[in-house]
2 protein chains.
Amino acid sequence: MKYRIFSLFYIAIVFVTQMAAEDGSHLWLRLPANAHAEISAPRQSPTLNIAVEELQQAWKGAPVRLVIQKDKQLQAEGFRIRHEDNKITLTSPTETGLLYAAYHLLRMQETGQNVVEAQTTENPAYNLRILNHWDNMDRTVERGYAGQSLWNWEELPNTLSDRYKEYARANASIGINGTVLNNVNASPKILSAEYLQKVKALADIFRPYGLRVYLSVNFASPMALDSLSTADPLDKEVIRWWKNKVKEIYRIIPDFGGFLVKANSEGQPGPCDFGRTHAEGANMLADALKPYKGIVMWRAFVYSPSDADRAKQAYLEFEPLDGQFRNNVIVQVKNGPIDFQPREPYSPLFGAMQHTPLMAEFQVTQEYLGHSNHLAYLAPMWKEFFEFVAPASLKAVAGVANIGTDANWCGHTFAQANWYAFGRLAWQPSLSSGNIADEWLKQTFGSQPSDINAQLKKMMLDSHEAVVNYMMPLGLHHIFAWGHHYGPEPWCSIPGARPDWLPSYYHRADKQGIGFDRSSKGSNAVAQYPETLAKQYDNIDTCPEEYLLWFHHVPWSHRMKSGRSLWDELCHHYDNGVRQVRDFQKIWDAAEKYIDAERFHEVQSKLKIQARDAVWWKDACLLYFQEFSGMPIPYEIERPIHELKDLQKVHLPISNYECPTKELLNKNR
Amino acid sequence: MKYRIFSLFYIAIVFVTQMAAEDGSHLWLRLPANAHAEISAPRQSPTLNIAVEELQQAWKGAPVRLVIQKDKQLQAEGFRIRHEDNKITLTSPTETGLLYAAYHLLRMQETGQNVVEAQTTENPAYNLRILNHWDNMDRTVERGYAGQSLWNWEELPNTLSDRYKEYARANASIGINGTVLNNVNASPKILSAEYLQKVKALADIFRPYGLRVYLSVNFASPMALDSLSTADPLDKEVIRWWKNKVKEIYRIIPDFGGFLVKANSEGQPGPCDFGRTHAEGANMLADALKPYKGIVMWRAFVYSPSDADRAKQAYLEFEPLDGQFRNNVIVQVKNGPIDFQPREPYSPLFGAMQHTPLMAEFQVTQEYLGHSNHLAYLAPMWKEFFEFVAPASLKAVAGVANIGTDANWCGHTFAQANWYAFGRLAWQPSLSSGNIADEWLKQTFGSQPSDINAQLKKMMLDSHEAVVNYMMPLGLHHIFAWGHHYGPEPWCSIPGARPDWLPSYYHRADKQGIGFDRSSKGSNAVAQYPETLAKQYDNIDTCPEEYLLWFHHVPWSHRMKSGRSLWDELCHHYDNGVRQVRDFQKIWDAAEKYIDAERFHEVQSKLKIQARDAVWWKDACLLYFQEFSGMPIPYEIERPIHELKDLQKVHLPISNYECPTKELLNKNR
């Protein structure tokens, strides 16, 4: 008898332990099952069936009625939630809107918001809320740090992973309604008949979730796929080729979204190769898509090695084209003028092209923010962008996805928060970073004591600034290791490399000081900004310190607002970054008993890496820049524990990036 | 003309730079040259000539007269320094005493002590102040971390390195008057005719500096060198063999000092192999040496794998032999009962053998204290020993040398301070650690501003406790990595290894607690101490906390004097150790402009290693012991940055130790 009790007890323990084990695969959708809620819908349909099922399983409140109804206050995907007489009514003009309403209602439940007597009206800020996957056909993901590409091209279209549906569901739950499946460095193969069948298979799965499929296209596709002799956008054969290709696509995927194009950028082909402008190239594609309501997202990420200041080039090339694009073209501009640095001022193209639809490209994947090893909650960074660029001035937002085959989707549990936050902000940029963090925390980890929750939220909210501090404070940028952009390499010098791919191009450290002079005395990039800002940035005394070294070459002894010299201030920022990460570790460890063991240890382990990396960054940058400043690291600051020469020997074997000079790299190392 | 000035200027800079470059080879003897002092001596002799030359070159004060004179207040090597009428008189009964007086006078000058009107009388506390070199014939040094052995046996006796004389001079300057040239794990070869000629060459160089030569001997030498069938100390052939060998030695080296013997210890042969006692073995050698006034230093470092508590064994084996040794035998006992741990209680053999001359064996080389990477000033540790063992109860002190062929002799500039402090304390154990540190600092680095000097001194004085904190606080011991004893390996488990060579034998961590129960309820090692101490140590509530886990198996939740639980206290000690090392880094970096670049950077670099290692130790021990305590590391403490499983994979390629189970080791790893 005793024996038996022990056995049962043992089984119970095993069961509880296994239940507690969490691999993060459920993301923020850790909804209850078997709630058996009373749900009614106007009809059966793939989308409505999903909404009904989600609510039936998870909704614990009053009966819910789904109603399709036009309403002046509601956009197509907008919805209203009304609670009256112990009944809840979800209203929207569209099925997708009702699906969003269902997820919103469940979010309210899971985050502990009061639904009784509440009335909620929601409309998206943008009609297009889109993820860009930089996924290659071979399932590598450029700048991806969460395993392989979700899209198993070899198995498609016959074998369909469960993950495809889960992916669509997660996106729907936060309002993302578009996905560009493949890398902007696009293989022409994606437009082949064979691959379009694979794309169709995904589109069919995504459709009920309101998620449209888009493709990145290679501008030279007509030459690569059908041996045309040119890809000149004004060539009749080329125009016909694209018309036919678009027709073929829409025959297979009637709600296909359109094209994303990286042209004449970092070695990609484009209209300029044939003496045409970006507008001429984009318009040709737009004309082909127009009959089907398809769009072109044309990237403005261009820069040439010969120019004096890379930060100015997108503006210089695109601003003159303002007004020349078709109305189904959206020019897609990265948030900052360089390339997703830990902190950049906003790109001056925003606001400069009044007659062209623009969209912002954010990077959800942490190419320059510690990959999937560092905890960096990016909502505050994106919100910073919206402080300068009015949300209403944009047509859409895109986010470069951080998603892969890892069990937890994003490599780092907290990287899920960036996918989540991107979706939420794309829906409504006025949401606060704190509220989004709060939503995500509660849905992802369940309810914790309020002090624990407050600490975790604080950790998230401080995390981006911490990364800026230990990587590139005060406006420093692009002093990353060559190619993979993970660790510090401010000294990087590769003979024969493009100067604008080398850190010294950006930091310009010398005996006098540090920083890129983009003032009116330097490259005059400041002049691309509206006059008030231009004036502010141009003056070393009024330029915000977080952008100081972006816009100025500043003497080491320059007096900062703190009263410290620039050098001392720089040291303190790096040191603060290290201490912030150590604080995150304390916060996380203190939450141990409220988090399941698996995710707890995964994050704990990542924070250890981040803590080590922060010291690595600090030591590398301070020891290197000290060779120029010649000043001591303030003695109250924790001392370096590395030798510069050892850090200069670090070369990590990270390879998921397109590097046109990989051979050069191998030759020189 | 301009060109020429620049050239000269350039030459001057190069010269100054080269002058400033310091490799540490001058140790604490950075005396002025060309002082042209007026010195008189009673006669010419090798020893007096050295004294006169040293003073002539370096003494900047009044004329000095050297006088040989017996004096009731002066022992053979004692001396008096008297300053009268602007003349200084050095008096001693011996030439060596006058040489010591000369170095003492120069030390006073270099450390800024007032010589005018001062009268100093100095007598050594011990007649024998001896270094033990664990140097092998192949020039490896067991537990040596400063290059190869100084003794170039292959070149000897024909080629004589300058270093031999410099070595003797350095020893004379701090009063060391004996040196055992070879490892206690002794090769019989050292007693061969060929090698005795080599030994003679060294003895001839050392003699004028008052430095006598001793040798470690292998007890089985008669069998190994001359094919005797036994080494039984009561065997007539054996007795005759040793008599002849000793005679041969003294014919070559008339002032030969005697033998050091490691017998029946860690695989070495000894009298017990033939059914004889340690006393019988030692006495046989002592009888052979007696006619020449030679001595035997017989080590009490014995322990067998079968016993229940290694800490008790030297006592158990030697205490019963009290009174049985000849009067020219000194039993050499390590300071603690185990083996040179960062902190040990004193060995209870001291005080227990009232009828046997005893000497203490200290370890100057940092086998268990971070090798030559960690700054650990050991005077406070040795002074701690003398708090329990009255200096007058000892006959002599020996120090296991930390000297090798490295340019700076000891591998770490601050390790020189341990050689220095050993000599000074062997001369006079009542000197304070602080004064010795002060002397060494001023002689080694010249005069610094007093606040810098005070900080450096503080760093030295705190350094041993810091190492204890981050390695083995609260009485923990021997949780080092297998074999080389550098890093942490509390988990070390090697199938087939002697249990008393494994850390778990010492820490005994389990779910209940940690520590070795040597109380009366455990191994009762406490009973080997005098009654008062035995009572104090036996009681968990009165046992000093620095020895707590040495004497008790203590529950994790045991309340410490701080009010913390044992676990929390342990965590705080490890954390304190880390923070102390970081403070040392700050102190050292702040001294940069007062230290020559070469030594500054060498020490700075070592401190970086120490800072990283301290975190390594802390993380390894806390993460490992946490598996037993099951308690969180207090959340106010800096979190681990390593994974236990990664640390458990660390195996360093350090090989300068005798490991009878090296093959076992290789098999199992």
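Residues numbered from 1 in each chain as written. Chains lettered and ligands numbered in written order. Predicted model: local features only at pLDDT ≥ 70, side-chain atom pairs only at ≥ 80, totals over all residues. Heavy atoms only, no water.

## Points about the UniProt feature "domain: Glycosyl hydrolase family 67 C-terminal" (unreviewed entry) in chain A
Move 1: The sites that carry the UniProt feature "domain: Glycosyl hydrolase family 67 C-terminal" (unreviewed entry) are, in the present numbering, residues 410–636 of chain A.
Move 2: The span residues 410–636 of chain A is 54% helical and 2% strand by assignment, and the distance between its end C-alpha atoms comes to 38 Å. (UniProt positions renumbered as here; feature names shortened; annotations may be inferred. Helix = DSSP H or I, 4+ residues; strand = E, 2+ residues; numbered from the N terminus.)

## Quick notes on the nonpolar core
Move 1: The biggest cluster of nonpolar side chains holds 439 residues, and the ones touching the most others in it are A:Trp419, A:Phe625, B:Trp419 and B:Phe625.
Move 2: Of the residues forming this core, the biggest block, 16 residues, is contributed by helix α18 (residues 597–629) of chain A. (Core = buried A, V, L, I, M, F, W, Y, C linked by side-chain atoms within 4.5 Å. Buried < 20%, exposed > 50% of the residue type's maximum accessible area, 1.4 Å probe, protein only.)

## Topic: the relation of the copies chain A and chain B
Move 1: Note on the copies: chain A fits chain B at an RMSD of 0.0 Å, the axial shift is 0.1 Å, and the rotation between them is 180°. The superposition operator between the copies reduces to a two-fold rotation axis. Every residue of chain A has its C-alpha some distance from the rotation axis, and the shortest such distance is that of A:Arg612, at 5.3 Å.
Move 2: When the interface residues of chain A are mapped onto chain B, 100% of them are again interface residues, pointing to one common binding face. (Least-squares fit on C-alpha atoms with pLDDT ≥ 70 in both. Contact = heavy atoms within 4.5 Å.)

## Here's the deal with the pairing of strand β2 (residues 64–68) of chain A
Residues and elements named next belong to chain A.
Move 1: Two elements, strand β1 (residues 39–40) and β2, share two bridges in a ladder whose sense is parallel. Bridging across to β2, Ser 40 finds its partner in Arg 65.
Move 2: Since β1 and β2 lie parallel, the crossover through helix α2 (residues 46–58) that links them has a hand, and here it is left-handed. (Pairing = 2+ DSSP bridges. Right-handed = clockwise from strand over helix to strand, strands pointing away.)

## Quick look at the sheet that holds β1(A)
The strands that make up a sheet pair up through hydrogen bonds in the backbone, lying either parallel or antiparallel.
Residue and element names in this part refer to chain A.
Move 1: A sheet is described by the order of its strands in space; here five strands give the open sequence β1-β2-β4-β3-β5, paired in mixed fashion. The open sheet terminates on both sides in strands that have one partner only, identified here as β1 and β5 (119–122).
Move 2: The pairing of strand β3 (residues 79–84) with β5 spans four bridges and is classified as antiparallel. Paired with Phe 79 across the strands is Glu 122, a residue of β5.

## Structural notes on the sheet that holds strand β1 (residues 39–40) of chain B
Residues and elements named next belong to chain B.
Move 1: Read from one edge to the other, the open sheet built from five strands follows the order β1-β2-β4-β3-β5, with strand pairing classed as mixed. Strands at the two margins of the open sheet, each flanked by one partner only, are β1 and β5 (119–122).
Move 2: The strands that helix α2 (residues 46–58) touches are β1, β2 (64–68) and β4 (87–92); relative to β2, the one it contacts most, it runs at about 165°. (Axes fitted to C-alpha atoms, helices over the stretch in contact; angles between N-to-C directions.)

## Some words on unusual backbone geometry
Residues and elements named next belong to chain A.
Move 1: Note the cis peptide between Leu 156 and Pro 157, where omega equals 0°.
Move 2: Tracing the backbone through its elements, the reader meets Pro 157 in the loop between β6 (128–132) and α4 (162–173).
Move 3: Notably, His 478 is not glycine yet its phi reads approximately 50°, a positive angle.
Move 4: Residue placement: His 478 occurs in the loop between α13 (450–471) and α14 (503–507).
Move 5: By relative accessible area, His 478 is classed as buried at 8%.

## Section: the interface of chain A and chain B
Accessible area lost on assembly of the parts is the figure often given for the size of an interface.
Move 1: Contacts between the two partners involve 19 residues from chain A and, on the opposite side, 19 residues from chain B.
Move 2: With both chains or domains summed, chain A and chain B bury close to 1,900 Å², and 50% of this area falls on carbon and sulfur atoms.
Move 3: When the area that chain A buries against chain B is broken down by residue, the three leading residues are A:Lys608, A:Tyr635 and A:Ile641, summing to 28%.
Move 4: Linking chain A to chain B there are six salt bridges.
Move 5: Of the charged contacts, one joins B:Glu643 and A:Lys608 as a salt bridge, the two residues approaching to 3.6 Å between their closest N and O atoms.
Move 6: Remark: the boundary between chain A and chain B carries 14 residue pairs in polar contact (both at pLDDT 80 or more).
Move 7: Grouping the amino acids of the side of chain A that touches chain B by side-chain chemistry returns seven nonpolar, three polar and nine charged. (Buried area = accessible area lost by both parts, 1.4 Å probe. Salt bridge = Lys/Arg side-chain N within 4 Å of Asp/Glu carboxyl O. Polar contact = N/O pair within 3.5 Å; in protein donor to acceptor, adjacent residues only side chain to side chain. Nonpolar A, V, L, I, M, F, W, Y, C, P; charged D, E, K, R; others polar.)

## Some words on the state of the cysteines
Joining two cysteines, a disulfide is a covalent bond between their sulfur atoms.
All names here are of chain A.
Move 1: One pass over the structure, following the stated rule, counts zero disulfides over all chains.
Move 2: Its sulfur unpaired, Cys 621 is 11 Å from the next cysteine sulfur, which belongs to Cys 571.
Move 3: In this structure Cys 621 comes out as buried when scored by relative accessible area, which is 0%. (Disulfide = S-S within 2.5 Å.)

## Looking at the packing of helix α7 (residues 236–252) of chain B against helix α8 (residues 278–289) of chain B
All names here are of chain B.
Move 1: Running from N to C, α7 and α8 cross one another at 40°; their axes reach a closest spacing of 8 Å. By the angle class used here, α7 and α8 are oblique. For the crossing formed where α7 meets α8, the hand is right-handed. Packed against α7, whose contacting residues are Val 238, Ile 239, Trp 242, Lys 243, Val 246 and Tyr 250, the element α8 presents Met 284, Leu 285, Ala 288 and Leu 289 at the interface.
Move 2: Partitioning the contact of α7 with α8 into residue classes produces nine nonpolar, no polar and one charged. (Parallel < 35°, antiparallel > 145°, perpendicular 65-115°, else oblique. Left-handed = near helix turned anticlockwise from the far one by under 90°.)

## Describing helix α12 (residues 433–445) of chain A
Residues and elements named next belong to chain A.
Move 1: For α12, built from 13 residues, the straight-helix expectation of 18 Å at 1.5 Å per residue is met to within 8% by its first-to-last C-alpha distance of 18 Å.
Move 2: Among the 13 residues in α12, eleven count as buried, and that is most of the element.
Move 3: Inspection of α12 places Ser 433, Gly 434, Ile 436, Ala 437, Asp 438, Glu 439, Trp 440, Leu 441, Gln 443, Thr 444 and Phe 445 among the buried residues, and these make up the whole buried set.
Move 4: A positive phi of about 75° marks Gly 446, the residue just after α12. (Expected span 1.5 Å × (residues − 1).)

## A look at the packing of aromatic side chains
Move 1: Throughout the structure, instances matching the rule amount to 96 aromatic pairs over all chains.
Move 2: Through successive ring pairs, a cluster of aromatic residues spans A:Trp28, A:Trp151, A:Tyr164, A:Tyr167, A:Phe206, A:Trp409, A:Trp419 and A:Tyr420.
Move 3: Directly above the ring of B:Tyr505 sits B:Arg508, whose terminal nitrogen or CZ lies 5.0 Å from the centroid.
Move 4: If you follow B:Arg518 out to its NZ or CZ, it ends over the ring of B:Phe516, 3.8 Å from the centre. (Phe/Tyr/Trp six-rings, centres within 6.5 Å; stacked < 30°, edge-to-face > 60°. Lys NZ or Arg CZ within 6 Å of the ring centre and 35° of its normal.)

## Section: α2(A)
Structurally, the α-helix is built with 3.6 residues per turn, so residues lying three or four positions apart point the same way.
Residues and elements named next belong to chain A.
Move 1: Here α2 spans 18 Å end to end across 13 residues, near enough to the 18 Å set by a 1.5 Å rise per residue.
Move 2: Residues of α2 that are buried: Thr 47, Leu 48, Ile 50, Ala 51, Val 52, Glu 54, Leu 55 and Ala 58.
Move 3: Of the surrounding elements, those touching the buried residues of α2 are β1, β2, β4 (87–92), α3 (95–110) and α4.

## Notes on empty space enclosed by the protein
Residue and element names in this part refer to chain A.
Move 1: Considering only enclosed or pocket space, the largest cavity measures out at about 110 Å³ in volume.
Move 2: What lines the largest cavity is a set of 13 residues, and nearest its centre among them are Asn 335, Glu 344, Met 381, Glu 384 and Phe 385.
Move 3: Counting residues per element, the lining of the largest cavity draws most heavily on helix α10 (residues 379–388), which supplies four residues.
Move 4: Considering only residue class, the lining of the largest cavity consists of seven nonpolar, three polar and three charged. (1 Å grid on protein atoms, 1.4 Å probe; cavity = no way out; pocket = protein on both sides within 12 Å on 5 of 7 lines; lining within 4 Å. Points joined across faces, edges and corners; volume = space filled by probe spheres on them.)

## Comments concerning the side chain of A:Glu384
Residues and elements named next belong to chain A.
Move 1: Looking at the secondary structure, you find Glu 384 in helix α10.
Move 2: When its relative accessible area of 18% is taken as the criterion, Glu 384 is described as buried.
Move 3: A distance of 2.8 Å separates a polar atom in the side chain of Glu 384 from a polar atom in the side chain of Arg 343.
Move 4: Excluding its chain neighbours within four sequence positions, the residues that come into contact with Glu 384 are Arg 343 and Tyr 547.

## Side note on the domain arrangement of chain A
Move 1: Split into domains, chain A comes out as domain 1 (37–120), domain 2 (126–429) and domain 3 (467–515 + 552–666).
Move 2: For domain 1 of chain A and domain 3 of chain A, the distance between their C-alpha centroids amounts to 47 Å. (Domains from an automatic or database assignment.)

## Thoughts on the packing of α3(A) against α4(A)
Packed helices, taken two at a time, are described by the angle their axes make and the gap between the axes.
All names here are of chain A.
Move 1: Viewed as axis vectors pointing N to C, α3 and α4 meet at an angle of 75°, and their least axial separation amounts to 9 Å. Considering their axes alone, α3 and α4 lie roughly perpendicular with respect to each other. In contact with Leu 99, Tyr 100, Tyr 103 and Arg 107 of α3, α4 contributes Arg 169, Ala 172 and Ser 173.
Move 2: Considered class by class, the residues forming the contact of α3 with α4 number four nonpolar, one polar and two charged.

## As for the side chain of A:Arg129
Move 1: Considering the arrangement of structural elements, one finds A:Arg129 in strand β6.
Move 2: Among all residues touching A:Arg129, those that are not within four sequence positions of it are A:Glu77, A:Tyr100, A:Pro124, A:Gly175, A:Ile176, A:Asn177, A:Gly178, A:Val397, A:Ala426 and A:Trp427.

## Thoughts on the pairing of strand β8 (residues 212–217) of chain B
All names here are of chain B.
Move 1: Across the six residues of β8, five count as buried, placing the element largely inside the fold.
Move 2: Pairing of strand β7 (residues 178–180) with β8, which is carried by three bridges, proceeds in the parallel orientation. Each bridged residue has a counterpart across the sheet, and for Thr 179 the counterpart in β8 is Val 213.
Move 3: Since β7 and β8 lie parallel, the crossover through helix α5 (residues 193–206) that links them has a hand, and here it is right-handed.
Move 4: When β8 meets strand β9 (residues 258–261), the two strands line up parallel, connected through four bridges. Paired with Tyr 214 across the bridge in β9 is Gly 258.

## Describing the confidence of the model for chain A
Residue and element names in this part refer to chain A.
Move 1: A residue-level look at chain A finds 95% of positions with pLDDT of 70 or above and a mean pLDDT of 94.
Move 2: The low-confidence segment residues 1–20, where pLDDT is below 50, has one contact with residues more than four positions distant or belonging to other chains.
Move 3: Contacts from residues 660–669, a stretch scored under 50 in pLDDT, to residues over four places away or in other chains number 19 contacts.
Move 4: Model confidence for the complex: the whole-complex pTM is 0.93, and ipTM, which rates the interface, is 0.90. (pLDDT = per-residue confidence, 0-100.)

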